[in-house]
Structure formats: structure tokens, C-alpha cells
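Observations on the model geometry
Below, each chain spelled out in residue letters.
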Amino acid sequence: MLELRKLRDDAEAVKAKLAIKNFKDLHLVDDVLKLDEQRRSAQLEVDNLKSESNQLAKQIGQLFKEGKREEADKIKVRTVELKGLVKEKEESMKTAETQMEAALVLLPNIPHESVPPGTSEEDNKVNKERGEKPVLGEGALPHWEILEKHHLMSLELGVKIAGAGFPVFTGDGARLQRALVAFFLDEANNAGYLEVIPPLLVNEQSAFGTGQLPDKEGQMYHVTNDDLYMIPTAEVPITNIYRGELLKEDQLPIKMCGHSQCFRREAGSYGAHVRGLNRVHQFEKVEIVQLVHPDKSYEVLNEMAAHVEGLIQKLGLTYRILTLCGGDVSFASALTYDFEVWSAAQERWLEVSSVSNFETFQTNRMKTRFKDENKKTQLVHSLNGSALALPRIIATLLENNQQADGSVTIPAVLVPYFGKDKIG
RNA sequence: GGAGAAAUGGCAGAGUGGUCGAAUGCAACAGUCUUGAAAACUGUCGUACCGCGAGGUACCGGGGGUUCGAAUCCCUCUUUCUCCGCCA
């Protein structure tokens, strides 16, 4: 949620920036300001009425004490009248406020100045590309066939037990996941992130806090009996740990990491690009989250990006880093770097991580603040990144590391976790 | 799931209809003293909204109600604790 102050300061500048995100409903900015004005003038009236009423109530108390009942009764007439007026005005104040919030919540975050214009992923800017694209020999297999061949995963079993897009990992397939998770968590711990095991279901407030509601409601599984949402990423519960908190400046930065299953409905996805592990409803991911001083957030964004890049390098994968363009950067994000790895059998890039700075967009919803050196209360900046999401990493490792004899070599950094150096 | 108790400022904890935005203690911050620290002493010390400002308004778990007036009375929801039941 954008800070109201920013709209008040310079509505036209906000509109111009939102246009970079291809946001169409720019009139909402004016709507918000108009409703805000209505709210403020209504509050002024309410406050004045209440002030009068409070004073009279005090007088009445005094008069009762002095035994002047009749005088008190005279004043009561006015307080009763005031009560009605307050109720009336309060209602119009609340209406204005509710409508204002409803409109404000529909505005996406303002993109950072470095976000390139553009309408789709075609327009994302490639910042860096590293590594050679492996050339596979005759008979090389896509990952879904390797998985089947070595009995690492079954989608059919998942269909039987749950439905399409819920893979069942078995044997070395399951073990490889465990190895990756342990490796990623150790790396995050070494980088100073506090490990957290959060709830996998969250309430409405938490889903709102990080921006999943109301914007992306259809993406989450909703447990209607208890009105809980299954998390699409550990970002949601972990960031919400600090919802409503007023921090001291020396508590910053707060660095947390966590591994979780992630659940995504992915409604509307289809086609060859979603085969195998390319897109599933349930997957594992290690997430890193930071809450930082506003002056530091872009520095931290780069630090987090470097952490993610290090993981990919240690796994020996070919990768590139993109800055998402205005049309592709998410609703809540100000600046996002995507990390893609080269899938040698599919011969295409697969997104394995997204690192974003949300500035105050999430923390304004969550009211996560700190007191600065001048004892002023300010919103902190929130950031997060995948470090990393497993399915496409597994897909790429299997494809790129497959050998002529059909076995798959395991990257050296994973061997201590996996317990052996190859599959098959 | 059943029975009972409770929810007040960063923490602990008073407050049962007006003088309460709320005692007191601890913590924190500033100062005095000290070579330095501790102790002691003095002062400051919740959040949000409105207002140029003086100041006003709201908030004692959430919502609603009674009253001229509610932390205090009533209803309701939520959460926590204790006991019982079930259980990885």
C-alpha cells in the first residue's frame, strides 16, 4: 500500500511512475486524494463536536457534585443533541476512510527509477549472463524423463493422491531435495540469516500484509472452514512476524530465512512449458527476508542478489540476471531481479529466483516501523528473495549434468549433503 | 472437545462510573556526581489522526451496547493460562 503522504506531496509524479508499470486506473490517485480530504474535514467536525461534548460532560459531573441537579439537566439537553450529530458525522468519516483505503489498496507500488519501461517479459533487461550453455550429447533427456528413469519422482502418483501438479518424490529424488534445502539453509545461516520454521497456513491479515490479498487471491489455496490461506511462499509468514511492531533502529537489519513447502494454484497455466517440474502446485523453497533501514534497502537488495548468485555459481549452473521491466515487475515490488538458469535439454531459461525490494509497500500495510535517531517513527523497508526454489534447480541439474551412460553427477557442494556423487 | 480464570503502556503491575492517557516499580534516554563505571540524585519517557500553531480527538485484547460521562457496567467474539479428555 502506497503511503498517503506520497500522493499528497506530488500526485502527478506518482501517476507518471505508475504509468511505467502500465497501470491504467490512474484516476484512483485523484479519488484517493478527494476521499482523504472528505475524511479530514469530517474528522475535524467530529473532533470539535466531541470536544464540546467532553467539556459539557465534565461540567455536569462538577454540577452533580455541587448538588446543582437542575443546571446539570439543562446542559444534558445539549449533550444529547451533540451525541446525535457525532454519530452522523462519524459515519460519513468512516465511509470516506473505508472508500479511501479501498482505492489506495488498488494502487501498485511505485517502480524504482532503474526499472525499464516495457509491457512483457520480452522487455526485461539482461544485466549479466554467466557460464557456458552445455551442449548435450545424442539421446540426452529432458528432466521429466530422467526423473522417471531413475524413479526420482512421479506425477501420476500425485494425481492419484491429490491431483495434477502435486509431485511425489521418491528415493534419490527425495534425498536430493533434502540435500538442496540443507545446503541452501546452511548458506543463508552463514550469511547471517536467522532460520525460521513458520506456519504454512496464514490468516487474512498476514496475506494482506505482504500483498497477496486482495491482489492475488486466486493464486492461493483457501481453507474456507477456518478461513486460512496456504502460503504461496515463506515470505508471507516470515515477513509478517514483524507485523505491527515498532522497532528500535539498532534492531535493523533483521535477516531471516526459512524453508517451506509453497502452494500455488497456478490457475490458467497449460502447455509444454509446464511439463515436469517447470510448474507445479506444491514445491519447496528456501526464502530469505530482510527488514532494513530505508537508506540501506538498495544496498541490501544487491547484497541479497549476490547471495543468490553465489548459490547458483556453487551449483555450477549457467545463469543470467534480469531487471524486470515495468510490465513484469510485481504489484508490490519497486525493483525486482530475476535469476534464470539455462536448461540444456529444454534449451530455455528457467526462473529460479526473484529478489525484490518492496520499500514501504508491505510495511505500510503491516505497520512495521522503527524509531530513527531523531525519535521519529518511520516505516522500514522490506525485501525478499528465493534462495532458492527447488523444482527448476532440480530440473536443470538433472538435464545439464546427465552423462552418456545415463547417470547424473551431483555438484561437489551437494555431495556432503547427498551422500554420494551421482545418481544411477 | 468440557470446566474455570484472565487480557491495562517496552516489561511487571495498580486502578470497579467523572478529578484516568492511566499510580508505582523495572527497563530506556538525558544530566549531576566520578579518572571511568556502578550506585545515588534530577529530569524525560506510548501510539495514531486532525491542526501553521496553541491545541483537539481516539486508543486500557477486537466489535457492539448502557450512560450526560466507561479501563471500570452489559452483550459478543478472539486469544492466553489452569484442570479434564483426546493425541504425533
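Note that this is a predicted model, so its numbers are computed, not measured.

1. Quick look at the domain arrangement of chain A
You'll often see interface size given as the accessible area lost when the parts meet. Structurally, chain A comprises domain 1 (4-104) and domain 2 (121-423). Listed per partner, the contact involves four residues of domain 1 and eight residues of domain 2. Summing both partners gives a buried area of about 390 Å² for domain 1 against domain 2, and 39% of it is carried by carbon and sulfur. At the junction of domain 1 with domain 2, the criterion picks out zero salt bridges. By residue class, the composition of the side of domain 1 that touches domain 2 is one nonpolar, one polar and two charged.

2. Details of the protein's contact with RNA strand B
Close to RNA strand B lie 22 residues; R8, Q43, D47, A57 and K371 are nearest. Of all atoms in RNA strand B that approach within 4 Å of the protein, 70% are sugar or phosphate atoms. Between RNA strand B and S51, the relevant distance is 3.2 Å, taken from a sugar or linking oxygen to a side-chain nitrogen or oxygen of the residue. Between RNA strand B and the protein, one listed contact pairs a phosphate oxygen with a side-chain N or O atom of N54 at 3.2 Å. Those elements that provide at least two residues to the surface near RNA strand B are α3 (27-65), α4 (69-104) and β14 (369-371). In terms of residue count, α3 provides more of the surface near RNA strand B than any other element does, 12 residues in total. Split by residue class, the surface near RNA strand B holds six nonpolar, six polar and 10 charged.

3. Let's talk about the environment of A344
Inspection of the secondary structure puts A344 in the loop between β12 (335-343) and β13 (348-359). What makes A344 buried here is its relative accessible area of 7%. Taking the C-alpha atoms as reference, A344 lies 9.7 Å from A395; in sequence the two are 51 residues apart. Not counting the four nearest positions on each side in its chain, A344 is found in contact with P134, L136, E399 and N400.

4. A closer look at a negative patch on the surface
Residues E121, E122, D123 and E351 make up a contiguous surface patch of negative charge. Along the chain, the position of E122 falls in the loop between α4 and β1 (125-130).

5. Digging into the packing of aromatic side chains
Inspection of the entire model under this criterion finds five aromatic pairs. Consider the rings of W342 and W349, whose centres lie 5.1 Å apart with planes at 70 degrees: the pair is edge-to-face. You'll find W342 and W349 in the same group, each marked buried. Connected via pairs of aromatic rings, a cluster forms that spans F183, F184 and Y417. In this arrangement the basic side chain of K133 is found over the ring face of W342, its NZ or CZ atom lying 4.1 Å from the centre.

6. Points about the pattern of salt bridges
What the rule picks out here adds up to 20 salt bridges. In this structure, K314 engages E187 in a salt bridge whose closest nitrogen and oxygen atoms are separated by 2.7 Å. With K314 in helix α10 (residues 297-314) and E187 in helix α7 (residues 172-190), the pair connects residues that are 127 residues apart, well separated along the chain. Of the charged contacts, one joins E287 and K285 as a salt bridge, the two residues approaching to 2.6 Å between their closest N and O atoms. The pair formed by E287 and K285 is uniform in burial state, with each residue classed as buried. Within this structure, R8, D36, E37, R39 and R40 form a network of salt bridges that share partners.

7. Concerning α4
With 36 residues, α4 should cover 52 Å at 1.5 Å per step; its first-to-last C-alpha distance of 50 Å lies within 8% of that length. For α4, the set of buried residues is A72, I75, T79, L82, V86, M93, A96, M100, A103 and L104.

8. Quick notes on the side chain of H381
Position of H381 relative to the elements: it lies in strand β16 (residues 381-389). By relative accessible area, which is 8% here, H381 ends up buried. Side-chain polar atoms of H381 contact the side chain of S297, separated by 2.8 Å. The contact partners of H381, leaving out residues within four places of it in the chain, are Q290, L291, V292, P294, S297, N357, E359, T360 and T363.

9. Points about helix α2 (residues 11-20)
Restricting attention to buried positions, one finds in α2 the residues A11, V14, K15 and L18. Buried residues in α2, looked at end-on, bunch into an arc of 100 degrees, giving them a common side. Turning to α2, the residues buried within the fold contact α1 (4-9) and α3. Downstream of α2 by one or two residues, N22 has phi in the positive range, about 60 degrees.

10. Details of the sheet that holds strand β4 (residues 194-196)
Read from one edge of the open sheet, eight strands run β1-β11-β12-β13-β16-β10-β9-β4, paired in mixed fashion. Looking along the sheet, the strands with just one partner apiece sit at the ends: β1 and β4. Here the average twist between neighbouring strands, direction ignored, is 20 degrees. One ladder, built from four bridges, connects β13 with β16; its direction is antiparallel. Each residue of the ladder has a partner; that of N357, found in β16, is L383. Against the sheet, helix α12 (residues 390-400) contacts β10 (282-292), β12, β13 and β16, and its axis sits at roughly 30 degrees relative to β12.

Each value, and the rule that gives it
Residues numbered from 1 in each chain as written. Chains lettered and ligands numbered in written order. Predicted model: local features only at pLDDT ≥ 70, side-chain atom pairs only at ≥ 80, totals over all residues. Heavy atoms only, no water. Domains from an automatic or database assignment. Contact = heavy atoms within 4.5 Å. Buried area = accessible area lost by both parts, 1.4 Å probe. Salt bridge = Lys/Arg side-chain N within 4 Å of Asp/Glu carboxyl O. Nonpolar A, V, L, I, M, F, W, Y, C, P; charged D, E, K, R; others polar. Near = heavy atom within 4 Å. Polar contact = N/O pair within 3.5 Å; in protein donor to acceptor, adjacent residues only side chain to side chain. Helix = DSSP H or I, 4+ residues; strand = E, 2+ residues; numbered from the N terminus. Buried < 20%, exposed > 50% of the residue type's maximum accessible area, 1.4 Å probe, protein only. Patch = residues over 30% accessible without salt bridge, like charges linked within 9 Å, V, L, I, M, F, W, Y side chains within 5 Å. Areas by Shrake-Rupley, 256 points an atom, 1.4 Å probe, with all protein chains shown as cover. Lys, Arg positive; Asp, Glu negative; His and termini not counted. Charge placed at Lys NZ, Arg CZ, Asp CG, Glu CD. Phe/Tyr/Trp six-rings, centres within 6.5 Å; stacked < 30°, edge-to-face > 60°. Lys NZ or Arg CZ within 6 Å of the ring centre and 35° of its normal. Expected span 1.5 Å × (residues − 1). Arc of directions from axis to C-beta. Pairing = 2+ DSSP bridges. Axes fitted to C-alpha atoms, helices over the stretch in contact; angles between N-to-C directions.

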